[in-house]
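If you want the building blocks of each chain, they are given just below.
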Amino acid sequence: MSNSLPYSVKDVHYDNAKFRQRSVSQVISQVLLTSNGKRDYLKCSTGKFLVLLMIGGLAYLILAHKSDVHPVSDGVAKNDGSKEGENIMTHGSGKFRRFWRKPPRLPPRLSPDEISSRNRSIQESTKRAEPEWIARQQKVKEAFIHAWSGYKSYAMGFDELMPLSHRGVDGLGGLGATVIDALDTAMIMGADEVVYEAGSWIEKHLTEKIEGKGQVNLFETTIRVLGGLLSAYHLSGGNQGGIPGHKGPKPSIYLENARNLADRLLTAFTTSPSDIPYSDVVLREKSAHPAPDGLSSTAEVATLQLEFNYLSYLTGDAKYSIEAMKVLQHIKTLPKVEGLVPIYISPQSGDFSGDNIRLGSRGDSYYEYLIKVWLQQRGTNCSYLYDMYVEAIKGVRHLLVRKSVPNGLLFVGELPYGREGGFSPKMDHLVCFLPGTLALGATKGFTKERAMKENLLTFEDMENLKLAEDLAKTCVEIYSVTFTGLAPEIAYFNIEGNSEGGPGGGNKSSKYLNDIIIKPADRHNLLRPETVESLFVLYRITGDSKYREWGWQIFEAFEKYTKVDSGGYTSLDDVTVLPPRRRDKMETFFLGETLKYLYLLFGNSTTIPLDEYVFNTEAHPIPIISRSQ
């Protein structure tokens, strides 16, 4: 071994010797015979007396020591009517054994060479397994092409495919949302034919649709269409970014359409009497108005900033970023419940409306964008976003995280009537975004190994990472508890003192069948991405292959129960029965998010690295601006 190593084989032998078993007589004799002071003690009568006294004291402790404290393993003291003498006899031998019980021992330390050899073995094992994951990744690509083939055959240019009735439907404003949502997925997968078909459609038709269409939702249009166009611009080589060389139009086509769309969406901000934008925009008129009840969703108004910030960066026009960031700056000033916020907010007054607090629909991506916008803008004057995120996660841990009974699954519930109104053990599938967000917030996109090596993790970060892993397990168990292996839209949990009762998921082999309740109205599955999103992020950060295995189980269930032979995949009405009833709709996010995250989960971690990109809430990767400059 090299002399330059700080830790030698001699050190190893010494350390390992410390862990060898020695009898009590060996210990005593070694102390007496090797002590430097033995001659001083034994040469006088006082020393001899002290030695004899020590030996006598040890003998007394061994034979006469009685303790009133029950052993830890006994738990709560029993009161079974036995006599005191019987108790002494029952526990006496245990006390004697406890006195002689050997202390726990650390394992022997490994030498640097042994550590290096073990790491090489792990790496070689990983490499041997890699071909299997490459094959599985290819299966996901084939699923994407099958989904696209159904859409192209029966619904090209419509927002969504109805795969059973073989037609298209415009449920998102009629901008061809599936085309744009799927485009960057095709680029990442190297599905060049799909890139060409989608890109050509955008070049020929999108401008006309943007300028001629009526009402669209500000949030849905921003995350799906604007986000998709900006990501496609970057990945196609815009500003020398991404994965250039794909077929299709010039990158500028995507940017021009993005800017045209954003100019019209901006009216939701500029015509509102407060810093909170209206929820709906009429594109052809460049006008905006509130929802029928006058309110906007907190998540929706706070989930626009990544896209508008990046557009300002690309165009050099600050107006997009200024308007979007006003929302978060305003929310910063509003009262909160330990960092948590109600799910509705008024564009008229700028105040929150109601007391309903949850991380499911209308609340979810507010918390996601606090950390993601901070990551995107890191180095600029937005540290308040990180502070808001930290406070909110503390609030989540304190007010919303509970354990189920009987088996202790951690989950995130709701406060439908605020802090004082009682806790609901209801958890939307949408909440399964949170494990990924917690992991991202803990390591800031770096791997756990690197973050620990560079001393970047606080104790709170480690706690949040552990919570992320526990919640990811819960999300996977919500899949596993059903007959189909697919999650319902909403699950309830039995908790101490409050049993929901009702039907479970049907899979009687699941350990958590009695922890999770699935009500009849909540049994549908929309091909949602949130769980596989968190599995992807956690795998990238921890390197733990269980997240890949869990993702593969979910993908196989999608293949088995949602694939339509004629093309496309369908939502399900009920995941708790076999065969499951089908719903006849393929959401755009199945191509834009679910299959993208699965493909990345099974692939190389250098593709779209988390320390260089943030994914918007529709899984469109956007470069971190502070590292693009």
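Residues numbered from 1 in each chain as written. Predicted model: local features only at pLDDT ≥ 70, side-chain atom pairs only at ≥ 80, totals over all residues. Heavy atoms only, no water.

### Structural notes on the overall build of the protein
Stated formally: Only DSSP runs of H or I reaching four residues or more are called helices, and only runs of E reaching two or more are called strands; each is numbered from the N terminus. Think of it in three bands: residues with accessible area under 20% of the maximum for their type are buried, residues over 50% are exposed, and the middle band is partly exposed, with areas taken using a 1.4 Å probe on protein chains only. Contact between two residues is taken to exist if any of their heavy atoms lie within 4.5 Å; hydrogens are not considered. Working definition of accessibility: Shrake-Rupley area with a 1.4 Å probe, residue cover restricted to the visible protein chains.
Scanning the protein from N- to C-terminus turns up 22 helices and 15 strands. Considering the protein as a whole, with its 629 residues, one finds that 52% of them fall into the buried category. A fraction of 68% describes how many contacts in the protein between residues 6 or more apart in sequence connect residues 24 or more apart. Roughly 29000 Å² of accessible area belongs to the protein as shown, and the carbon and sulfur atoms make up 52% of that amount.

### Description of the sheet that holds strand β12 (residues 490-493)
The condition that has to hold: Any two strands are treated as partners once DSSP identifies two or more bridges connecting them. The axes are straight lines fitted to the C-alpha atoms, using for helices just the contacting stretch, and the angles between their N-to-C directions are given from 0 to 180°.
With antiparallel pairing, the 3 strands of this open sheet are ordered in space as β11-β12-β13. A single partner strand is all that each edge strand has here, and the edge strands are β11 (426-428) and β13 (516-517). Here β12 runs beside β13; their pairing, made up of 2 bridges, is antiparallel. Across the sheet, residue F493 finds its bridge partner in β13, namely I516. Sheet strands in contact with helix α19 (residues 459-480) are β11, β12 and β13, and its direction is about 110° off that of β12.

### Brief notes about the environment of Y547
Selection rule: Any N or O atom pair separated by 3.5 Å or less is treated as a polar contact, with the protein-specific requirement of one donor-capable and one acceptor-capable atom, and with residues adjacent in sequence counted only for side-chain atom pairs.
Considering the arrangement of structural elements, one finds Y547 in helix α21 (residues 546-561). Between the C-alpha atom of Y547 and that of L535, which follows or precedes it by 12 residues, the distance is 5.2 Å. There is a polar contact of 3.3 Å between the side chain of Y547 and the side chain of E469.

### Focus on the sheet that holds strand β3 (residues 215-217)
Taken in spatial order, the 3 strands of this open sheet run β3-β4-β5, and their pairing is antiparallel. The sheet terminates laterally at β3 and β5 (287-289), the two strands that pair on one side only. Averaged over neighbouring strand pairs, the angle between their axes works out to 30° when direction is ignored. Bridge count between strand β4 (residues 280-282) and β5: 3 bridges; the pairing is antiparallel. Counted as the bridge partner of V282 is S287 from β5.

### What to know about the state of the cysteines
In plain terms, the rule: By convention in this document, the label disulfide applies to cysteine sulfur atom pairs within 2.5 Å.
For the structure on display, the rule yields 1 disulfide. The disulfide partner of C432 is C475, and the S-S distance across this bridge is 2.0 Å. Of note, the bridge from C432 to C475 carries an S-S torsion of about -105° and is left-handed in sense. You can see C432 sitting in the loop between β11 and α17 (434-443) and its partner C475 sitting in helix α19, a full 43 residues away along the chain.

### Brief notes about the nonpolar core
Cut-off, in case you're wondering: In plain words, nonpolar cores are sets of buried Ala, Val, Leu, Ile, Met, Phe, Trp, Tyr and Cys residues tied together by side-chain atoms within 4.5 Å.
Counting residues in hydrophobic clusters, the biggest one holds 162 residues, and the most contacted among them are I202, F308 and L385. The element that contributes the greatest number of residues to this core is helix α16 (residues 383-400), accounting for 10 residues. When near neighbours in sequence (up to four residues on either side) are disregarded, F308 contacts T222, L226, A262, L265, L266, F269, Y320, S321 and A324.

### Topic: the pattern of salt bridges
Here is the rule we go by: One side-chain nitrogen of Lys or Arg within 4 Å of one carboxyl oxygen of Asp or Glu is enough to make a salt bridge.
Summed over the entire model, instances satisfying the criterion amount to 29 salt bridges. The shortest N-O distance in the salt bridge between E323 and K326 comes to 3.7 Å. Placement of the pair is E323 and K326 together in helix α14 (residues 319-333), with a separation of 3 residues, close to one helical turn. Owing to a relative accessible area of 30%, K326 belongs among the partly exposed residues under this scheme. Here R523 and D574 are joined by a salt bridge, their closest N and O atoms 3.5 Å apart.

### Re the packing of α17 against helix α20 (residues 530-542)
Selection rule: Just so you know how the angles are binned, under 35 degrees is roughly parallel, over 145 roughly antiparallel, 65 to 115 roughly perpendicular, and the rest oblique. Helix crossings get a hand from a simple test, with the near helix turned counterclockwise from the far one by less than a right angle marking a left-handed crossing and a clockwise turn marking a right-handed one. Lys, Arg, Asp and Glu make up the charged group, whereas Ala, Val, Leu, Ile, Met, Phe, Trp, Tyr, Cys and Pro make up the nonpolar group; the residues left over, Gly among them, are polar.
Two elements in contact, α17 and α20, have axes whose closest approach is 7 Å; the angle formed by their N-to-C orientations is 30°. Comparing their axes, α20 and α17 come out roughly parallel. As α17 packs across α20, the resulting crossing turns out to be left-handed. On α20, the residues that touch L434, P435, G436, A439, L440 and T443 of α17 are S534, V537, L538 and I541. When the residues that make up the contact of α17 with α20 are grouped by side-chain class, the tally is 7 nonpolar, 3 polar and no charged.

### Some points on the packing of aromatic side chains
Stated precisely, the cut-off is as follows: Each Phe, Tyr or Trp ring (for Trp, its six-membered ring) is paired with any other whose centre lies within 6.5 Å, and the angle between the two planes then decides the class: stacked below 30 degrees, edge-to-face above 60, tilted in between.
Taken as a whole and assessed by the stated rule, the structure comprises 17 aromatic pairs. Measuring from ring centre to ring centre gives 5.6 Å for F269 and F308, while their planes differ by 70°; the resulting arrangement is edge-to-face. In this pair, F269 is assigned in helix α11 (residues 267-270) and F308 in helix α13 (residues 305-315), connecting sequence segments 39 residues apart. F308 sits in the buried class, given a relative accessible area of 0%.

### Details of α17
Within α17, 10 of the 10 residues are buried, which leaves the element mostly enclosed by the surrounding structure. Along α17, the residues that are buried comprise L434, P435, G436, T437, L438, A439, L440, G441, A442 and T443. Elements that come into contact with the buried residues of α17 comprise α15 (364-377), α16, β10 (410-412), α18 (448-453), α19 and α20. K444, located one to two residues past α17, shows a positive phi value of around 60°.

### Overview of helix α9 (residues 218-235)
As a reminder, the rule being used: Given a helix with a known number of residues, its expected span is that number minus one, times 1.5 Å. Take the seven residues that end at a residue and the seven that start at it, fit an axis to each, and the angle between those axes is the bend at that residue.
With 18 residues, α9 should reach 26 Å at 1.5 Å per residue; the first-to-last C-alpha distance of 24 Å fits that figure. Most pronounced at G227, the bend in α9 amounts to some 30°. Most of α9 sits inside the fold, with 17 of its 18 residues counted as buried. Phi turns positive one or two residues past the end of α9, at G237, with a value near 110°.

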